[in-house]
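Structural overview for review
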2 protein chains.
Amino acid sequence: MHLLSIRLLSLGVTLLAPLSLAAAEPISPIFAPTDIDNHKAEIGKQLFFDPRLSKSGFLSCNSCHNLSMGGADNLTSSVGHGWHQGPINSPTVLNSAYNLAQFWDGRAADLQEQAAGPIANPGEMAQPHAVALEVIASIPGYVDSFTVAYGDESITLDRVTDAIAEFERTLVTPNSRFDQWLLGDKAALTSVEVEGYTLFKNSGCVACHSGPAVGAALYQKVGLIKPYVTDNRAQGRFAVTGNESDRMVFKVPTLRNIELTYPYFHDGSVNTLEEAVQIMGEIQLGRSFSDLETGQIVAFLKTLTGDQPNFPLPHLPPSTPATPQPNPYGA
Amino acid sequence: MHLLSIRLLSLGVTLLAPLSLAAAEPISPIFAPTDIDNHKAEIGKQLFFDPRLSKSGFLSCNSCHNLSMGGADNLTSSVGHGWHQGPINSPTVLNSAYNLAQFWDGRAADLQEQAAGPIANPGEMAQPHAVALEVIASIPGYVDSFTVAYGDESITLDRVTDAIAEFERTLVTPNSRFDQWLLGDKAALTSVEVEGYTLFKNSGCVACHSGPAVGAALYQKVGLIKPYVTDNRAQGRFAVTGNESDRMVFKVPTLRNIELTYPYFHDGSVNTLEEAVQIMGEIQLGRSFSDLETGQIVAFLKTLTGDQPNFPLPHLPPSTPATPQPNPYGA
């Protein structure tokens, strides 16, 4: 709202009507954050791309949250250390600052807490935090950057994850065609796309998929009307709370950039948006979408692809003889 | 020489003296190519970063020739499909257009021939060429780009590797401090660095490490004076020619960006430039460099780090329902 107000003032009175309309929609436009600490985000960007945070020296955050591919890996479940098969589909890092909590089961409160997890997880990057910190502290390029950003050269897990989180906060994808439409450019969508959006609203999809991230703001049971059939063993929030009522309750994923973040659902079992829409209709809403309706909703969903992260490929500062060696093949 | 002449004309007569000096040095400056087909190179850049060229959907050219890390992976030997341990150290892709042939043993004549190898190698990306082509042809974003670049929408291995090679030709790293010095800026190097270069010349290192790439222009036996001791089973050119005289004869690697492309030698067994310089002195030149001399040569070598590839992180066109699925864990 605050951002919208500022934009109103600068754009002038003629846009008041469409912006008022936008405010009445269950989905709101998304904007790049304006309060980023660039020094910290720049460190975070390098760390995000740095495979030296992993035991192998081969896997980085970007391996599974690939910013060339919608911030995910487009695999059913991710590849970890030693080619370990991950237990769940990698959620996109794009717009993840909007998540009410992180991971599918919300077990991390925020991006900073999340960032620590995969580094040390034996099935992901498998690097003990102490070693990861030793690696970073051995690299003069990083020490210099931390000194500028944090005031002294101390490299702590708190600072490392803070920097990664600050970078991830920049990974917002504004300016999708749907946002353009919300902000008043009615030519930005075709009539089929608008029909899809209307159907999306009227069918109840917006009960979960609303707000700036078109989701990400609440937990919901997958299989509300009919059970969700899967071989995947994840039980959602139950793993965090232990409450029976939280079985199969997962964070509702954002639908922004959904065209890019296939395969779908927490088990990555569905490859096409068409199938995903039909399954959601049946098990969450008790409704069979016709092929025509499915096509309309999919057309709408594809308008949610926004500007992808746009920055030069990072260059990582080199290791030194003091840097702990990567260990891809050893115990 | 041709490029130098052109630059001479445009820079004017006052630079004649330093440029003549530069021309007399065994190492010559390196310049970005001026004859790139941008449409083809842009496709090649996307393909270079695209893990869908691999069977797993997880490994791309950039996995082992990481352009954030000097065009290599900084591992002893590379990680391939299923976490297969590669047989040899990944050579940098930077300035690889200057290689007299590709791979450590020169088994590919040029960049285009090279590019086909790792895609289908079962221990690398493990993707049959036919499947890789089917993947690319199923992605409208690629089909459109190929049509613009090659005149029609046919996606052939020849075109795919041509595009990757065209991109790789752009990966030249000009403007190192040593190049600045060669081109007349005598303040670009410290006295220690100049002493290191003088020692590098006078000790005979330039017998192999000369020209614009400071190497890459000939084959040489590793262990010319004393045998090279290694557990690595690679036999160099012998694998290509079958000639006994080619045992342990490898392509001389470029020394440009050598500060970034650790670990060193075809077996990746050496982590520091200091150790690499001392071993080379002993086994190639029969000479023991003192610590002082080693430090001087290393100081010189670090002036060979040039401008790293500078372009926005590529965004890959999304798959479609027709795209063959990645298969990271199956047979």
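As a further point, take the interface of chain A and chain B. Listed as interface residues are 35 residues of chain A and, on the opposing side, 35 residues of chain B. Among the residues making up the side of chain A that touches chain B, the classes are represented as 20 nonpolar, 13 polar and two charged.

Right, let's get into the packing of helix α3 (residues 38-48) of chain B against helix α7 (residues 140-150) of chain B. All names here are of chain B. The N-to-C vectors of α3 and α7 enclose an angle of 150 degrees; their axes lie 8 Å apart at closest approach. Here α3 lies roughly antiparallel to α7, going by the angle between them. Our pair here, α3 against α7, has a crossing hand that is left-handed. Contact with α3, carried on its side by His39, Lys40, Glu42 and Ile43, involves Ser145, Phe146, Val148 and Ala149 of α7 and no other residues of that element.

Before going further, it helps to spend a moment on the relation of the copies chain A and chain B. By a simple turn and slide, chain A fits onto chain B: the slide is 0.0 Å along the axis, the RMSD is 0.0 Å, and the turn is 180 degrees. In short, the pair behaves as if placed about a two-fold rotation axis. Closest to the rotation axis within chain A is the C-alpha of Pro312(A), separated from it by 1.9 Å. An overlap of 100% is found between the interface residues of chain A and their copies at the interface of chain B, pointing to a shared contact surface.

Residues and elements named next belong to chain A. For chain A, the domain assignment lists domain 1 (2-30 + 174-304) and domain 2 (38-169). For domain 1 and domain 2, the distance between their C-alpha centres works out to 27 Å. Contacts between domain 1 and domain 2 engage 28 residues on the former and 22 residues on the latter. At the level of secondary structure, the elements contributing two or more residues to the side of domain 1 that touches domain 2 comprise α11 (238-241) and β4 (249-251). Considered class by class, the residues forming the side of domain 1 that touches domain 2 number 16 nonpolar, eight polar and four charged.

Take the confidence of the model for chain A next. Across chain A, the average pLDDT comes to 94, with 93% of residues at 70 or higher. Interface confidence in the predicted complex, given as ipTM, is 0.93; pTM for the same model is 0.93.

Cut-off values and rules
Residues numbered from 1 in each chain as written. Chains lettered and ligands numbered in written order. Predicted model: local features only at pLDDT ≥ 70, side-chain atom pairs only at ≥ 80, totals over all residues. Contact = placed C-beta atoms within 7 Å. Nonpolar A, V, L, I, M, F, W, Y, C, P; charged D, E, K, R; others polar. Axes fitted to C-alpha atoms, helices over the stretch in contact; angles between N-to-C directions. Helix = DSSP H or I, 4+ residues; strand = E, 2+ residues; numbered from the N terminus. Parallel < 35°, antiparallel > 145°, perpendicular 65-115°, else oblique. Left-handed = near helix turned anticlockwise from the far one by under 90°. Least-squares fit on C-alpha atoms with pLDDT ≥ 70 in both. Domains from an automatic or database assignment. pLDDT = per-residue confidence, 0-100.

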